[in-house]
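# Descriptive analysis of the structure
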Amino acid sequence: MTGHVDPSLHVLVLAAGAASRFGSPKQLARIGGRPLLHRAVGIATEVGGQAVTVVLGAYAEQLAPLLKHSAGSVVINRRWEEGLASSLREGVRALPSGCDGVLILLADQVAVSAHDLARLAAAWRAQPEWLIAASYDGHTGVPAVFPRWTFSGFNDLRGDSGANLI
């Protein structure tokens, strides 16, 4: 396990997209011999233990069986065609009531490591009221940790936009 498992922090892996530009289920693409979905869930559980939820949508019937032995739970976003915002809404709705923060990860972020997630989680634990986000190429985005006070803002998201809550 990387770092301390904090039951108040939940990891949300978003894997509901159709990958239309990719041409096939991107979540099944293999990196290092493993499907992207396995890799993402693996690094999520290194940080979150069983406090992990995977949001599936397009290809859910193909992908869900890959997760039957994984820690955590699966949520099916039946409105995945609405875009990323629908997956964020479904995932945040599924969070346990005792959750104080959610670390959001996209299943296709191949350059993100468990160490990266652990660093974000540690930064959030030091300042649990802050929104903690990754920064790359001059942009801020996911993976990111959103504190509980932001959860209601996810209900207002629409379309294929991310969690620009602030």
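Figured I'd write up the structure that's included with this text. Everything quoted here is computed from the prediction, not taken from an experiment. (Residues numbered from 1 in each chain as written. Predicted model: local features only at pLDDT ≥ 70, side-chain atom pairs only at ≥ 80, totals over all residues. Heavy atoms only, no water.)

### A word on the overall build of the chain
Filter applied, for reference: For the purposes of this entry, the term helix denotes a DSSP run of H or I that reaches at least four residues, the term strand denotes a run of E that reaches at least two, and both are numbered from the N terminus. Throughout this description, buried means an accessible area under 20% of the type-specific maximum (1.4 Å probe, protein chains only), exposed means over 50%, and partly exposed covers the range between. Contacts are residue-level and defined by heavy atoms, with any inter-residue pair within 4.5 Å sufficient. Per-residue and other accessible areas were derived by the Shrake-Rupley procedure at a 1.4 Å probe size, with only the shown protein chains allowed to occlude residues.
Per the secondary structure count, the chain includes four helices and eight strands. Going from N to C terminus, the chain has its helices and strands arranged as β-β-β-α-β-α-β-α-β-α-β-β. Buried residues in the chain amount to 46% of all 166 residues. Across the chain, the fraction of contacts at a sequence separation of at least 24, relative to all contacts at a separation of at least 6, is 65%. Taken as a whole, the chain presents about 8,500 Å² of accessible surface, with 52% of it coming from carbon and sulfur.

### Some remarks on the environment of Ser113
Within the element layout of this structure, Ser113 appears in the loop between β6 (101-106) and α4 (114-126). Linking Ser113 and Ala44, residues 69 residues apart in sequence, is a C-alpha distance of 9.1 Å. Not counting chain neighbours up to four residues away, the residues in contact with Ser113 comprise Arg39 and Ile43.

### A short note on the packing of helix α1 (residues 36-48) against α4
Inclusion rule: Here the axes come from fitting lines to C-alpha atoms, over the contacting stretch only for helices, and the angles between their N-to-C directions go from 0 to 180 degrees. Put simply, a crossing is left-handed when the front helix is turned counterclockwise from the back one by less than a right angle, and right-handed when it is turned clockwise. By the convention adopted, Pro, Cys, Tyr, Trp, Phe, Met, Ile, Leu, Val and Ala count as nonpolar, Lys, Arg, Asp and Glu as charged, and the other residues, Gly among them, as polar.
At a closest axis distance of 9 Å, the pairing of α1 and α4 adopts a crossing angle of 35°. Here the hand of the crossing between α1 and α4 comes out right-handed. Along its contact with α1, which presents Ile43, Ala44, Glu46 and Val47, the element α4 presents Ala114, Leu117, Ala118 and Ala121. In terms of residue class, the contact of α1 with α4 is built from seven nonpolar, no polar and one charged.

### So, unusual backbone geometry
Cis geometry is found at the peptide bond from Val142 to Pro143, where omega equals 5°. Take Pro143: it is sitting in strand β8 (residues 139-147). Even without being glycine, Tyr59 reaches a positive phi, approximately 65°. Residue placement: Tyr59 occurs in the loop between β4 (52-56) and α2 (60-63). The class for Tyr59 is partly exposed, based on a relative accessible area of 29%. Look at Asp137: it is not a glycine, yet its phi comes out positive at around 50°. Checked against the element boundaries, Asp137 lands in the loop between β7 (132-136) and β8.

### Focus on the pattern of salt bridges
Stated formally: Every case where a carboxyl oxygen of Asp or Glu lies within 4 Å of a side-chain nitrogen of Lys or Arg is listed as a salt bridge.
One pass over the full model with this rule turns up two salt bridges. Note that Arg89 and Glu82 form a salt bridge whose closest N and O atoms lie 2.9 Å from each other. Among the ionic pairs, Glu90 bridges to Arg93, the shortest N-O distance being 2.7 Å. In this pair, Glu90 and Arg93 both sit in helix α3 (residues 84-93), three residues apart, roughly one turn of the helix.

### Brief notes about the nonpolar core
As a reminder, the rule being used: We define a nonpolar core as any set of buried Ala, Val, Leu, Ile, Met, Phe, Trp, Tyr and Cys residues linked to one another through side-chain atoms lying within 4.5 Å.
Counting residues in each nonpolar core, the largest one holds 28 residues, and the members touching the most others are Val13, Leu37, Val54, Leu56 and Leu103. For this core, the elements supplying multiple residues, two or more each, are β1 (9-15), α1, β4, α2, β6 and α4. Excluding its chain neighbours within four sequence positions, the residues that come into contact with Leu103 are Leu9, His10, Val11, Leu12, Val47, Leu117, Ala121, Pro143, Ala144 and Val145.

### A few points about the pairing of β1
Note the threshold: Two strands qualify as a pair provided DSSP detects at least 2 bridges between them.
Across the seven residues that make up β1, a large majority, seven, are buried. Alternating residues of β1 divide into Leu9, Val11, Val13 and Ala15 and His10, Leu12 and Leu14, and every residue in both groups is buried. Note that β1 and β6 share six bridges and pair parallel. Following the sheet pairing, His10 is matched in β6 by Val102. Bridge count between β1 and β4: five bridges; the pairing is parallel. Within the sheet, the bridge partner assigned to Val13 lies in β4 and is Val54.

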